[in-house]
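# Results of the structural survey
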Amino acid sequence: MRRRWTEEKRLQRQQADWIVGYIRRNGPLTTREVIEALRKHGRSVESHVITRALRKSQFIHLKKRIDVDGEFHSVWEFRVDDQ
């Protein structure tokens, strides 16, 4: 019988959960700040994992886009929407 989660998928899911938790405690943050936090805490920087955390999490929302030296940066926030 095949396992549902491979070790790689499990680690990627943990990494995405860490990003969501970090934004919850320290947000709102830009994508660049999230990447800096990953590096600072010795975690791998993988674009597909960051995308999963920022775009697919039900708790992370795009707050706004800001212009920094001619480049647009997304600002992400943790938010729980009551429905």
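Treat the numbers as computed from the prediction; the structure is a model and nothing was measured. (Residues numbered from 1 in each chain as written. Predicted model: local features only at pLDDT ≥ 70, side-chain atom pairs only at ≥ 80, totals over all residues. Heavy atoms only, no water.)

## As for the packing of aromatic side chains
We count it as follows: We call Phe, Tyr and Trp rings a pair once their centres come within 6.5 Å, taking the six-membered ring for Trp, and we label the pair stacked below 30 degrees between planes, edge-to-face above 60, and tilted otherwise. Counting from the N terminus, the helices are the DSSP runs of H or I reaching at least four residues and the strands are the DSSP runs of E reaching at least two. Think of it in three bands: with a 1.4 Å probe and only protein chains considered, a residue is buried below 20% of the maximum accessible area for its type, exposed above 50%, and partly exposed in between.
The tally for this structure, following the rule as stated, stands at two aromatic pairs. Taking 5.1 Å as the distance between ring centres and 20° as the angle between the ring planes, the aromatic pair formed by W18 and Y22 counts as stacked. Of this pair, W18 and Y22 both sit in helix 1 (residues 7–26), four residues apart, roughly one helical turn. Judged on exposure class, the residue W18 and its partner Y22 are both buried. Look at F59 and F78: their rings are 5.5 Å apart centre to centre, the planes differ by 25°, and that puts the pair in the stacked class.

## Observations concerning the layout of surface pockets
Sizing a probe to match a water molecule and rolling it over the atoms shows the empty space that remains. What counts here: Grid points spaced at 1 Å and placed over the protein atoms alone form the basis of the search, with a cavity being a set where a 1.4 Å probe fits but cannot get out and a pocket an open set showing protein on both sides within 12 Å along at least five of seven lines. Lining residues have an atom within 4 Å of a point. Grid points are joined across faces, edges and corners, and a volume is the space filled by probe spheres set on the points. As a working rule, the residues Ala, Val, Leu, Ile, Met, Phe, Trp, Tyr, Cys and Pro are called nonpolar, Asp, Glu, Lys and Arg charged, and the rest polar, with Gly in that last group.
Volume-wise, the largest pocket comes out at about 230 Å³. Lining the largest pocket, in full, are W5, K9, R13, A16, D17, V20, R52, A53, K56 and S57. Listing elements by their share of the lining of the largest pocket, those giving two or more residues are helix 1 and helix 3 (47–56). In terms of residue count, the dominant contributor to the lining of the largest pocket is helix 1 (five residues). Class assignment of the residues belonging to the lining of the largest pocket gives a composition of four nonpolar, one polar and five charged.

Note that all results are geometric; they support no functional claim without further evidence.
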